[in-house]
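For reference, the chains in residue letters:
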Amino acid sequence: AQTVTQSQPEMSVQEAETVTLSCTYDTSENNYYLFWYKQPPSRQMILVIRQEAYKQQNATENRFSVNFQKAAKSFSLKISDSQLGDTAMYFCAFRFYPSGTYKYIFGTGTRLKVLA
Amino acid sequence: GAGVSQSPSNKVTEKGKDVELRCDPISGHTALYWYRQSLGQGLEFLIYFQGNSAPDKSGLPSDRFSAERTGGSVSTLTIQRTQQEDSAVYLCASSFGAGATNTGELFFGEGSRLTVL
């Protein structure tokens, strides 16, 4: 079975500092995608960054980057120069493709608070 | 609008009543998902529609839950005889189906918060 684990329920970081959110997953699949989604207080989930498992290069999107360690099944998110608007729940997600359907498994989330 | 639209935004109901939650996906998206998010929990998969294929209902928690998708577009999630443990935010998401256009991103609505008294 596929599982996604986020071991940090809550974190805080000072504005302008860097923070890393952890995510590990378990799968026997070889081809999959990994995602980080952000859910601000408005509730709407927004994609932050995606990583294709067959790509060795870590994905980056402006201040957001990942450290993808396929062998270790680890997929952490680094937020640089944290801003107050980064305050949100962050969910790690895993997508695989069993039997002709796309399945997404989400972690339980990490609540990040950016402090002024 | 161009995004995923859900209604109602908030719903308060009494135990035992039926509720319907609606999702209008992004035009052109053939895949539609329903998730349940309970307080402090992650997203629990409920049901998945892909085009005209039979839906994947493997996440529905009981036979009180059902969903349909008419014309490959709008979807309705129905909860019959609601219980207090059904209180949660119900999120709908859509995406392109299988194929080169599927970059993997799910587009979410703002959710429907259900409170069962």
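See the structure shown above.
Residues numbered from 1 in each chain as written. Chains lettered and ligands numbered in written order. Predicted model: local features only at pLDDT ≥ 70, side-chain atom pairs only at ≥ 80, totals over all residues. Heavy atoms only, no water.

Engineer: Please give an account of the state of the cysteines that cites residues and values.
Structural biologist: For the structure on display, the rule yields 2 disulfides over all chains. Covalently, cysteine 23 of chain A is tied to cysteine 92 of chain A through a disulfide, its sulfur atoms 2.0 Å apart. Taking the sign of the torsion about the S-S bond as the criterion, the disulfide between cysteine 23 of chain A and cysteine 92 of chain A, at about -70°, is left-handed. Taken together, the residues span a long stretch of sequence, with cysteine 23 of chain A in the loop between strand S3 (19-21) and strand S4 (24-26) and cysteine 92 of chain A in strand S10 (residues 88-96) at a distance of 69 residues. Neither residue differs from the other here; cysteine 23 of chain A and cysteine 92 of chain A are each classed as buried. Note that cysteine 23 of chain B is cross-linked by a disulfide to cysteine 92 of chain B, the S-S spacing being 1.9 Å. (Disulfide = S-S within 2.5 Å. Helix = DSSP H or I, 4+ residues; strand = E, 2+ residues; numbered from the N terminus. Buried < 20%, exposed > 50% of the residue type's maximum accessible area, 1.4 Å probe, protein only.)

Engineer: So, the packing of aromatic side chains: which residues are in play, and what are the values?
Structural biologist: When we look at a pair of aromatic rings, we describe it by the centre distance and by the angle of the planes. Enumeration over the complete set of coordinates arrives at 19 aromatic pairs over all chains. On the basis of an interplanar angle of 80° and a centroid distance of 6.1 Å, the ring pair of phenylalanine 106 of chain A and phenylalanine 108 of chain B is categorised as edge-to-face. Highlighted residues: phenylalanine 106 of chain A in strand S11 (residues 103-106) and phenylalanine 108 of chain B in strand S9 (residues 107-108), drawn from two different chains. Overall, the relative accessible area of 8% leaves phenylalanine 106 of chain A in the buried class. An aromatic cluster is defined as three or more aromatic residues linked by ring pairs; in this entry it consists of Tyr33, Phe35, Tyr37, Tyr104 and Phe106 of chain A together with Tyr33, Tyr35, Phe45, Tyr48 and Phe108 of chain B. Here arginine 95 of chain A stacks its cationic end above the ring of tyrosine 33 of chain A, 4.5 Å away from the centre of that ring. (Phe/Tyr/Trp six-rings, centres within 6.5 Å; stacked < 30°, edge-to-face > 60°. Lys NZ or Arg CZ within 6 Å of the ring centre and 35° of its normal.)

Engineer: Can you break down the pairing of strand S7 (residues 75-79) of chain B residue by residue, with the values?
Structural biologist: Of all the 5 residues making up S7 of chain B, 5 are buried; the element is thus mostly covered by neighbouring parts of the structure. Turn length for the strand S6 (residues 65-69) of chain B-S7 of chain B hairpin, with the two strands adjacent in sequence and antiparallel, is 5 residues, and the turn residue glycine 71 of chain B shows positive phi of about 60°. (Pairing = 2+ DSSP bridges.)

Engineer: Could you give an account of the environment of aspartate 26 of chain A, naming the residues involved and the relevant values?
Structural biologist: Positionally, aspartate 26 of chain A belongs in strand S4. When residues no more than four places from it in sequence are discounted, the contact partners of aspartate 26 of chain A are Ala1, Gln2, Thr3 and Lys73 of chain A. (Contact = heavy atoms within 4.5 Å.)

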